[in-house]
Structure formats: C-alpha cells, structure tokens
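Here is what each chain is made of, one letter per residue.
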Amino acid sequence: MKQHILFVCLGNICRSPAAEAMLRLLVERNNLQHRVEIDSAGTYGGHAGDRSDPRMRSAAAARGIEMTHRARQVREEDFSRFDRIIAMDDNNYEALFRLAPDRAAQQKIFRFREYLRHNPDWSYIPDPYYEGHEGFELVLDLLEDGCQTIVEELMAE
Ligand code: 4NP
C-alpha cells in the first residue's frame, strides 16, 4: 500500500515544497516510488498558484533538486487524503491541529523535527523567507537529514 505524505509550512513556497522535492529525489534514488506519494501545502493561502521562491529553487537546484510545485493552501480534505502530515514548525503544527476535523486526523500530524537525526539543536525548520542565502542552505541541510530518516523508515517497512 502506498503511503501519502504531506509537508506543510506557512507559505508553501520555501520549506515544504523543498521538503517535497528533496524526499522525492531520495525516494527515486532508492527506487521507492511505488511506496509513497508526496505533496506539500501551506497554512497561509496568499501564495496559492505561485511557483516556489526563486532563492529556494536556486539553492535546491545547486544540489540537483528540481522544484516544480505550485503553492496551495492546506484544506480539511487533506486529512483524509494523507496518512502523515508533517509540519515544519510549531506554528504550522498548531494551525494544522485547529484545522483537523477529529482526533484521528490530529493523530496524523507530526513535526519535522521528529525526523532529525544529525541536528539535535534544531526543534523546527526555520523560516528562510526574511533570511539571506545561508538561511536557505540551512533549510536544505535540515530537510536532507529528516528526509533521509523518512526514506530509511520506508525501507524498513
Ligand atoms: P515558507 O516561507 O513558509 O517556508 O514557504 C514563507 C513564505 C512566505 C511567507 C512567509 C514564509 N509570507 O509571509 O509571505
């Protein structure tokens, strides 16, 4: 059975589409495409329809990661479409918790930090929107760590 994973941040133009593209690349490298479906969304809908932030796209491209996602806002039906909904920070987590229609839906919400293995100092993925280039590099480093953990879980299942 396929597992459906949704990454969620605020705008869906920086962190969560990068997580989606990063996990997709690692999944393809490990031939796990048949095991997982990946998407991303934002708690804020102001960027809906936009391509990802060009700063995030170029930082990702430098690591061989192509980002083609168009932003969309998370919606209640995502709780039935997805098995795991992974929030980038506590604000995203709380917004998802408020949107979840019932307890079963709430139990599908996770924090990305739960998947970090090599970055114990980070309890969230920092919003790079108002940061310089290093902010985007840091996001990609953290996403790679967590996405690698998700891939290892998929391989162990
Ligand atoms: P993201 O970054 O949540 O990682 O996509 C942001 C993008 C846009 C805004 C905030 C954060 N914004 O306020 O428009």
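Residues numbered from 1 in each chain as written. Predicted model: local features only at pLDDT ≥ 70, side-chain atom pairs only at ≥ 80, totals over all residues. Heavy atoms only, no water.

**Some details on the site of the ligand**
In the vicinity of the ligand, the contacting residues are C9, L10, G11, N12, I13, C14, R15, H47, D127, Y129 and Y130. The contact in question runs from an oxygen atom of the ligand to an N or O atom on the backbone of C14, over 2.9 Å. Separating an oxygen atom of the ligand from a side-chain N or O atom of H47 is a distance of 2.7 Å. Within the shell around the ligand, the residues separate by chemical class into 6 nonpolar, 3 polar and 2 charged. (Near = heavy atom within 4 Å. Polar contact = N/O pair within 3.5 Å; in protein donor to acceptor, adjacent residues only side chain to side chain. Nonpolar A, V, L, I, M, F, W, Y, C, P; charged D, E, K, R; others polar.)

**Re unusual backbone geometry**
Of note in this structure, N12 is not a glycine but carries a positive phi near 60°. With respect to the secondary-structure elements, N12 resides in the loop between β1 (3-9) and α1 (15-29). Classification of N12 as buried rests on a relative accessible area of 0%. In this structure, N31 is a non-glycine residue whose phi angle is positive, near 55°. Inspection of the secondary structure assignment puts N31 in the loop between α1 and β2 (36-42). A relative accessible area of 55% means that N31 is categorised as exposed. (Helix = DSSP H or I, 4+ residues; strand = E, 2+ residues; numbered from the N terminus. Buried < 20%, exposed > 50% of the residue type's maximum accessible area, 1.4 Å probe, protein only.)

**Side note on the pairing of strand β3 (residues 84-87)**
Because side chains alternate across β3, one face comprises the buried residues R84 and I86, and the other comprises I85 and A87, equally buried. For β1 and β3, the ladder comprises 4 bridges, and the chain directions are parallel. Note on β3: the bridge partner recorded for F7 is I86. Bridging between β3 and strand β4 (residues 109-111) involves 3 bridges; their strand directions are parallel. Each residue of the ladder has a partner; that of I86, found in β4, is F110. (Pairing = 2+ DSSP bridges.)

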